[in-house]
Structure formats: C-alpha cells, structure tokens
Amino acid sequence: MGDIQHKRWVKGAHFIITLSFLALTVSGYVILMSHPRLYWGKAGNDLTPALFELPISRNYHHGGWENRIQFKHLTGSQISAVRTYDIFNQNGWGRSTHFLAAWFLVVAGLIYFITGFFSGHFRSNLVPRTKELGFKLFWHDLLSHFRKPVYTGGKYGLLQKITYLAVIFFLFPVVILTGFTMSPAITASYPFLLKIFFGHQSARTIHFFSASALLLFLLVHVVMVARSGFKRNILAITFGK
Amino acid sequence: MKEKKLMTRRRAIFAGFTSVGALLLSGCLKKALPTYGNILRMGDNLTYMAQRGILSQRALAMEYQKSDITSFPVTDIGDPADPASKVAYSKAYQELQRNNFKDWVLSVEGSVGKPGKYSMDDLKKLGERTQITRHTCEEGWSAIAEWTGVPLGALLQHAGILPAARFVCIYGYDNYGESIDMLDAFHPQTILAHTMNGETLPARNGAPLRLRVETQIGYKNVKYLQRIVVTDKFVDAGPDISNGWSWYTGI
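Residues numbered from 1 in each chain as written. Chains lettered and ligands numbered in written order. Predicted model: local features only at pLDDT ≥ 70, side-chain atom pairs only at ≥ 80, totals over all residues.

## With respect to the overall build of chain A
Next up, step 1: Summing up its helical and strand segments, chain A has 9 helices and 4 strands in all.
Next up, step 2: Along its sequence from the N terminus, chain A presents helices and strands in the succession α-β-β-β-β-α-α-α-α-α-α-α-α.
Next up, step 3: Its C-alpha atoms give chain A a radius of gyration of 22 Å, more than 25% over the compact-globule value 18 Å for 241 residues.
Next up, step 4: By its C-alpha atoms, chain A is 75 × 35 × 35 Å across when sized along the principal axes.
Next up, step 5: For chain A, with 241 residues in total, the buried portion stands at 26%.
Next up, step 6: A separation of at least 24 residues holds for 64% of the contacts in chain A among residues at least 6 apart in sequence. (Helix = DSSP H or I, 4+ residues; strand = E, 2+ residues; numbered from the N terminus. Rg over C-alpha atoms; globule rule 2.2 N^0.38 Å. Buried ≥ 20, exposed ≤ 12 C-beta atoms within 10 Å, placed from the backbone. Contact = placed C-beta atoms within 7 Å.)

Here you go:
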C-alpha cells in the first residue's frame, strides 16, 4: 500500500485553488461585514424583512431613517427613505480582491475540471467502485475516521471520495454560479441564473451557505490531513515526489 | 498506448485553450483602459475586458413586475440642498430646488457636434422608456423600482456625438460623478430618469434627473444631474480608482 502519487497538474490546481479560496474567504467576509443581512427572493434591503442577520460587524447599525416617502401609485406600502447612519464599508478593496481571486479559482478550476475528466482522474480515483457501495462498508469507513491511527492506504476511502465529489461537482459549481448571479452584467446575458437560484438575494444567501460549507470542508480536510500523517500528506500534494 | 492517447488529448485541449485565448485577446486589447496600475486594478480590467468580450452587449437586465417593487433605501454622500452637508452641498442646487427646478437645465458638452443646455421639456421630447429594474448596491442589498426617463443614447445622438467619442462622464450637483463607456451609454436600459414608481423623482432619489445604468452596480447611478461631458480619452469622473473603487462594476 503505497502513498497516492498526485499528478503534477493536480498539485498545481490544488495549490492555486487553495490560495484563491483563502483570499476569497477573507475578502468575502469583508464584503459581508458591510451588509451582514441575508434575504430570500428577488431583492432585499434594510427596509425589507431579512431571513437573518449575522452579528459580525460593529459598525453596521440599524440607525434611523429620514425623508420617508410613501409612493401613491403603488398598491403596497413600499417607501423610500434616507439612511442617517454611516456603515462599515471597505468594499473597494474587498470586492476587487474577491474578483481577482475568483479569476484564479475559475481558471484553475476549469483546467482541473477538463483535465480531470479527459485524463480519467475522476473516473479512476474519485468515483466509488460498485463493490465499495453498501451501507455496511460506508458505516465502517465512517467509524474509521474517528479511530487512531486513521487508515492511510494508497487509495481514497469511500467517505473521502464522496466528499471530494460533492466539493468538486456540487459546492464549487454552486458557489461560482451564485457569485455570477449577483453580477448585473452577467445576469443580463444569462437571466436563467436568476431563475435557477430564485433571485438576486436568494443567490447571495446560497452563496453564503455554500461558501460556509466549503469552509467547513476545509477545516475537516485539514484535520484529517493532520491525523493521517501531516508531513507525508503535505509533501504528497505539494513538492514531494 | 494509453500514455500516447493521453498526450494527444492533452495537446488538443491545450491547442483549444490557446486559440480561444488568442481570439479573446485580440478582440479585447483595444478595450483595455490606460489607468490601471496595481494588481487589484488589473483584476478589475481583466473582468471588464472579459465581460465586454464574452457577454452580449445589448442584452437587457431583468425587468420585473409591478408586484415585485420593494422599498428603496437612499444612500449617498449627502443632500446637495442642505448647507450642513459638507461634501454634497451646492448653493446653485439649493436655489434650483427652491424654485421647484423650473430653471434647471442639463448641460451636454465635450465631443458632441452641438453642445447645449437641455430643459426638462427639451429632454422629454427626445423619447421615453419605462422599466422595472433592480438596483444592486455594492454593499450587498438590492431594491426594485419602476423608472421612467429619457434614453441616454437618444440625448447623445441629438447632441451629435462625434465618432472619436469613447466615454461619457456624468456629473451631479452633489459633487459626485461617474463615467461609463459607449456600450453602457447606448444600452437601451441606460436612461436619465425623471420619474420613480409613477411619481416625479423624489428629492433624495436624485431630483430632478438621475442616471440609471442597469448593467452595473448601484454607485454608477449618479443623482441630481448637472452636466454630461463626452470624452475621447478615459476620464475617471468619480474619481473611483483613486478612491480605491473599481471603475467598471458589471460584477
């Protein structure tokens, strides 16, 4: 049972995607700080009800409103009002950093995706074998993650394969597409994005949850890497042979 | 055998990427902006070139139903009619507002054949478009409203825009400004709005006239319009870039 021999393109993509993901997490948090309220639907703001609000910004207050105007021609009770308070807003560099890092993620991700598909990497290393599928084996694999020492074979375990597949084929595509859905220019050309994610604010909320899920994956991933031989694993995915 | 097959595939993919990249690059190079110096701004420029190169430039932003209209928070740098407002105050604007904007005119200058001043009546003769669209703030929130106004493209054409013109700078009485390229200036949904949700544009929503650029983020939508300057060279009218903000905000 030898160690996994990662291909050079896998290592390169892993490295770029890791760095861009970290930059995206930090800048995404900074962007969220200027409006830590999340909504469901086509639009949402401080004058409409929120799904929930995160207590992450000291400088974000619901201050007062002035110059309230009720629109006579509308049947609802929509108003326009002027905000009387300043908020934390470092979005200038936050946004630009976010989109720059997103370029690296999207380009490296696309190359990884295409190469992984054509080289048979997904088929031979990530898709579970038929004989692996079964509740008993799944349960056994799940329990083995809590034992010490953690099983370290040359191949990925069942749970590991399923998790990697979910991250590559579900979480990353969702987080990238919901990111696109927040862009006014991209959704003008591809309005179906607003349909499949239930609107601009729903896309923002899904973006938040899928990014949180990726962050959770990162934490568990690092813990498992450490528990199954930190130095060996790090070398295998970076500069080791 | 397998190894050999893999190489040809890889080569085919590589060749595909290279040719697509070369095509995109040749189409985009002309559109690069000259003022980008640091790494963050180069990322912005890459986004600008990619969106201009890949996206359809005439595609309309999503238009909504009347029942989708939401409340609308006003966020700006201050009330131009209020002397207490340090950044935004304009004595000229205060007097115009006192007179209910009867003497207000919009000045059109720069690379146009017929520079001039347009009263509200002059502008309304140029055309009208009504759209229910989403205002998307860089902070993360959004609001939907119905806007009626004069297409900016119709005004520029009436003023006789010159062939060398490349950018349109829009300045408000609140000492705020923005510039957009010709594709956004002539986009069918780019209008100078005088009516919001069926009412004369309320004071703090930018009375008497404001810009709506539906394919970009909220802060491009200049309020309290004073003058429009058409330029052949890139002018950062905000300025956005020296204040640390992205000039192009299609994302």
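## Quick word on the sheet that holds strand β7 (residues 177-181) of chain B
Residue and element names in this part refer to chain B.
Next up, step 1: Ordered in space as β3-β2-β11-β6-β7, the 5 strands form an open sheet in which the pairing is mixed. The open sheet has two edge strands with one neighbour each: β3 (116-119) and β7. Sheet twist, expressed as the average angle between the axes of neighbouring strands with direction ignored, equals 20 degrees. (Pairing = 2+ DSSP bridges. Axes fitted to C-alpha atoms, helices over the stretch in contact; angles between N-to-C directions.)

## Observations regarding the interface of chain A and chain B
Next up, step 1: Each partner contributes to the interface: chain A provides 47 residues, whereas chain B provides 48 residues.
Next up, step 2: For the side of chain A that touches chain B, the secondary structure elements donating two or more residues are β3 (65-70), β4 (79-83), α2 (91-118), α6 (184-189) and α8 (200-227) of chain A.
Next up, step 3: Of the residues forming the side of chain A that touches chain B, the biggest block, 11 residues, is contributed by α2(A).
Next up, step 4: Of the residues contributing to the side of chain A that touches chain B, the split by class is 21 nonpolar, 20 polar and 6 charged.
Next up, step 5: Relative to strand β1 (residues 72-74) of chain B, β4(A) is paired through 3 bridges, and the arrangement is parallel. Bridge pairing links A:Ser80 to B:Phe72 in β1(B). (Nonpolar A, V, L, I, M, F, W, Y, C, P; charged D, E, K, R; others polar.)

## Side note on unusual backbone geometry
Residues and elements named next belong to chain B.
Next up, step 1: Between Ala207 and Pro208 the backbone carries a cis peptide bond, its omega angle lying at 0 degrees.
Next up, step 2: Tracing the backbone shows Pro208 in the loop between β9 (199-200) and β10 (210-212).
Next up, step 3: Of note in the backbone geometry, Phe101 takes a positive phi value of approximately 60 degrees without being a glycine.
Next up, step 4: Checked against the element boundaries, Phe101 lands in the loop between α3 (91-98) and β2 (105-110).
Next up, step 5: Taking the C-beta count within 10 Å as the criterion, Phe101 has 18 such neighbours and is therefore assigned partly exposed.
Next up, step 6: Positive phi outside glycine occurs at Asn197, with the angle close to 50 degrees.

## Digging into the nonpolar core
The tendency in soluble globular proteins is for nonpolar side chains to be buried as a group.
Residues and elements named next belong to chain B.
Next up, step 1: Counting 49 residues, the largest nonpolar core has Leu155, Leu156, Val168, Ile170, Leu192 and Leu225 as its most contacted members.
Next up, step 2: Contributions of two or more residues to this core are made by β1, α3, β2, β5 (142-151), α5 (152-158), β6 (167-172), β8 (191-196) and β11 (225-231).
Next up, step 3: For this core, the element with the highest residue contribution is β5, accounting for 5 residues.
Next up, step 4: In this structure Leu192 touches Leu123, Gly149, Val150, Leu152, Leu155, Leu209, Leu211 and Leu225, once residues within four positions along its chain are discounted. (Core = buried A, V, L, I, M, F, W, Y, C linked by C-beta atoms within 7 Å.)

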